[in-house]
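If you want the building blocks of each chain, they are given just below.
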Amino acid sequence: MAEKMATRQAYGKALVEIGKTNQNLIVMDADLSKSTMTAEFAKEYPDRFFNMGIAEQNLYAAACGIALSGKVVCASTFAMFAAGRAFEIIRNSIGYTQANVKVCATHAGITVGEDGASHQTFEDLALMRTIPGMTVVNPCDGVSAMELMRQVIDYDGPCYVRLGRASVPIFYEEGADICLGKGNWLRKGKDVTIVATGIMVSEAMKACEELDKDGISVGVIDMHTIKPIDEEILLEAAGIGPVVTAEEHSVIGGLGSAVAEVLSCRKPVKMAMVGQKDTFGESGKPEELKEKYGMTASDIVIAVKQII
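Residues numbered from 1 in each chain as written. Predicted model: local features only at pLDDT ≥ 70, side-chain atom pairs only at ≥ 80, totals over all residues. Heavy atoms only, no water.

## Here we look at the pairing of strand E13 (residues 243-250)
Next up, step 1: The element E13 is largely enclosed, with a buried count of eight among its eight residues.
Next up, step 2: Across four bridges, the pairing between strand E10 (residues 192-196) and E13 is parallel. Within the sheet, the bridge partner assigned to Ala196 lies in E13 and is Ala246.
Next up, step 3: Sheet analysis places E13 next to strand E14 (residues 271-276), joined by five bridges and oriented parallel. Looking across to E14, one finds that Val243 is bridged to Met271.
Next up, step 4: The parallel pair E13 and E14, bridged by helix H11 (residues 255-266), forms a crossover whose chirality is right-handed. (Buried < 20%, exposed > 50% of the residue type's maximum accessible area, 1.4 Å probe, protein only. Helix = DSSP H or I, 4+ residues; strand = E, 2+ residues; numbered from the N terminus. Pairing = 2+ DSSP bridges. Right-handed = clockwise from strand over helix to strand, strands pointing away.)

## Concerning the environment of Gly254
Next up, step 1: Checked against the element boundaries, Gly254 lands in the loop between E13 and H11.
Next up, step 2: Taking the C-alpha atoms as reference points, Gly254 and Arg129, separated by 125 residues in sequence, lie 8.0 Å from one another.
Next up, step 3: The contact partners of Gly254, leaving out residues within four places of it in the chain, are Ala126, Arg129, Glu247 and His249. (Contact = heavy atoms within 4.5 Å.)

## Looking at the pairing of strand E5 (residues 101-106)
Next up, step 1: With six of six residues buried, E5 lies mostly within the body of the structure.
Next up, step 2: Sheet topology note: the strand E4 (residues 72-78)/E5 ladder contains six bridges and is parallel. The residue bridging Val73 from the neighbouring strand is Val101, located in E5.
Next up, step 3: Relative to strand E7 (residues 159-162), E5 runs parallel, the two being bridged by four bridges. Bridge pairing in E7 places Cys104 opposite Val161.

## A short note on unusual backbone geometry
Next up, step 1: In this structure, Pro228 follows Lys227 across a cis peptide bond, with omega equal to -5°.
Next up, step 2: With respect to the helices and strands, Pro228 occurs in the loop between strand E12 (225-227) and helix H10 (231-240).
Next up, step 3: One non-glycine residue with positive phi stands out, namely His107, at about 60°.

## Quick notes on empty space enclosed by the protein
Next up, step 1: In total, this model carries one cavity of 30 Å³ or more according to the counting rule given.
Next up, step 2: Thr7, Ala108, Asn138, Pro139, Arg162, Leu163, Gly164, Gly198, Ile199 and Glu248 are the residues that line the largest cavity.
Next up, step 3: For the lining of the largest cavity, the class distribution of residues is four nonpolar, four polar and two charged. (1 Å grid on protein atoms, 1.4 Å probe; cavity = no way out; pocket = protein on both sides within 12 Å on 5 of 7 lines; lining within 4 Å. Points joined across faces, edges and corners; volume = space filled by probe spheres on them. Nonpolar A, V, L, I, M, F, W, Y, C, P; charged D, E, K, R; others polar.)

## Digging into the sheet that holds E5
Next up, step 1: If you trace the seven strands from one edge of the open sheet to the other, you get E3-E2-E4-E5-E7-E6-E12, paired in mixed fashion. The sheet terminates laterally at strand E3 (49-51) and E12, the two strands that pair on one side only. Averaged over all pairs of adjacent strands, the angle between their axes in this sheet comes to 20°, without regard to strand direction.
Next up, step 2: Docked against the sheet, helix H1 (residues 7-21) engages strand E2 (25-29), E4 and E5, running at close to 145° with respect to E2. (Axes fitted to C-alpha atoms, helices over the stretch in contact; angles between N-to-C directions.)

Note that all results are geometric; they support no functional claim without further evidence.
In structure tokens form, the structure reads like this:
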């Protein structure tokens, strides 16, 4: 696999691969199949692909009906329009009935870049976490995205999968032990642990290189499953020392909140949260926006040094 890959690209590859053997898989889209990477599935299996047009509520309502007829459905659009525009349908039709629909939302977070504030969603993880029975997944690289998609499609029940626009480094080797609902130690540390998700795993690993120079021993956990969250790995991290969370999402209701909910009840430790600070974004280049809104390796370094 390439050294860098967008998780949405891995999603597209996974659909084509899984579609070869799983004749029960249906893929749907809201007129964005070239961007969401479902176009290849449409080309390979046209009888199992449905473009619902720019009508996100209809997309997820139809996906629910198809799933309740016995199929497994991956339904895609941009995260802003899935979690935002179609929230009520996802909650009442898919969540309430526990329909076997996988809401695979691409172009999440600030790295949508030039598309601007209207397309940069920082609320989707928070919204999806609140739906009873909804599994919430945010892979950090191409390898984990493909493996988690296999498991998500095998899992019987509604899932929200958050996928990014930009290419990100590959951290996992093929065949790595990646399990839905279980966080992964990417490195162990003795002083502090960074719990990161999605593209912020890459920033966390960069931060470790800087912190190593200052003699600070830092561990990194890839928390690819936000719900159900891996409480045991969080307790292990809290046993080491302070915890810093890092996410390309609002610090309200996302990974940081989920981690705090666990540790405040089971093992309180000092915490800091790196993420979007209750603001909208703006149009700009992804890397410049990450810097402006405090979601870089440097911001993680600052957060670590403030709490140790």
